[in-house]
Amino acid sequence: MSIRHGLLALLERGPRYGSQLRSEFESRTGSTWPLNVGQVYTTLNRLERDGMVAQGGEDEAGHTLYTITDNGRAELRTWFEKPVDRTSPARDELAIKLAMAVGAPGVDIRDVIQSQRRHTVKAMQDYTRLKAQALLAVEGGGARERDDVAWLLVLEQLIFQTEAEARWLDHCESRLIRLSAPAPAGAPAPAPTAPVTPQPDPKAAAPGVAAS
């Protein structure tokens, strides 16, 4: 998740200070990916180093304000226009866990799947409840409508993810059942395949004879 570009997007709306950026970022994403102030200022320092933001004075309370530069706007436009790369997927802890559980001594992978499925279904229910609340907020309008719409989109993405995860867990369980099923009694073994003897090409010239 790109904190760097998220902060640039917020700064494009006007000068902001660190803790203000953190609050607006979390409001826009519903605190799905919480930030601490240290992360924000570390990222701002790097953006300033790269010429994408600049310090722009202070507000009335003495907070240092940051503004986006032309280079920052160009970087933000590129980020919006470029698809997210899926050729190098991020490490998924659940996929790694199930891969390592296969054949692990003393581990019943079906128990691992069942435990995860209960958690996934609970998360899906929680996200669905939050989605209903977000829809009410969006339909009610108000000053935070933009943040409510953004949070609704994030929630729907999380719901789709958990639905896909639940289907994948069902698939894993079915796959393991099929693979562990014994072969039917009396089933004939596959017939051995006879080696194929290469046949000479009648058009090929015999050794020592030039082709006409």
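Here is what the cut-offs are and how they apply
Residues numbered from 1 in each chain as written. Predicted model: local features only at pLDDT ≥ 70, side-chain atom pairs only at ≥ 80, totals over all residues. Heavy atoms only, no water. Helix = DSSP H or I, 4+ residues; strand = E, 2+ residues; numbered from the N terminus. Polar contact = N/O pair within 3.5 Å; in protein donor to acceptor, adjacent residues only side chain to side chain. Salt bridge = Lys/Arg side-chain N within 4 Å of Asp/Glu carboxyl O. Buried < 20%, exposed > 50% of the residue type's maximum accessible area, 1.4 Å probe, protein only. Phe/Tyr/Trp six-rings, centres within 6.5 Å; stacked < 30°, edge-to-face > 60°.

**Student:** Explain the side chain of Thr162 to me, please; I cannot follow it from the model alone.
**Tutor:** By secondary structure assignment, the location of Thr162 is in helix α7 (residues 145-180). A distance of 2.9 Å separates the side chain of Thr162 from the backbone oxygen of Ile159, its partner in a polar contact.

**Student:** What exactly am I supposed to notice about the pattern of salt bridges here?
**Tutor:** Here the idea is simple: oppositely charged side chains can pair when their charged atoms come close. Here the structure, examined in full by the defined rule, presents 12 salt bridges. Where Glu12 meets Arg77, a salt bridge forms, and the shortest distance between an N and an O atom there is 2.7 Å. Note that Glu12 is positioned in the loop between α1 (3-11) and α2 (18-29) and Arg77 in helix α4 (residues 70-81), a separation of 65 residues in sequence. We classify Glu12 as partly exposed; its relative accessible area is 31%. Its relative accessible area of 35% is what places Arg77 among the partly exposed residues. Residue Arg73 pairs with Asp70 through a salt bridge whose shortest N-O separation is 3.6 Å. On the criterion of helical spacing, the pair formed by Arg73 and Asp70 is a turn pair, its members being three residues apart in helix α4.

**Student:** Just checking my understanding: could you explain the packing of aromatic side chains for this structure?
**Tutor:** Two aromatic rings, taken as a pair, are described by how far apart their centres are and by the angle between their planes. Counting across every chain of the model gives two aromatic pairs. Between Trp79 and Phe80 the ring centres are 5.3 Å apart and the planes differ by 40°, which places this aromatic pair in the tilted class.

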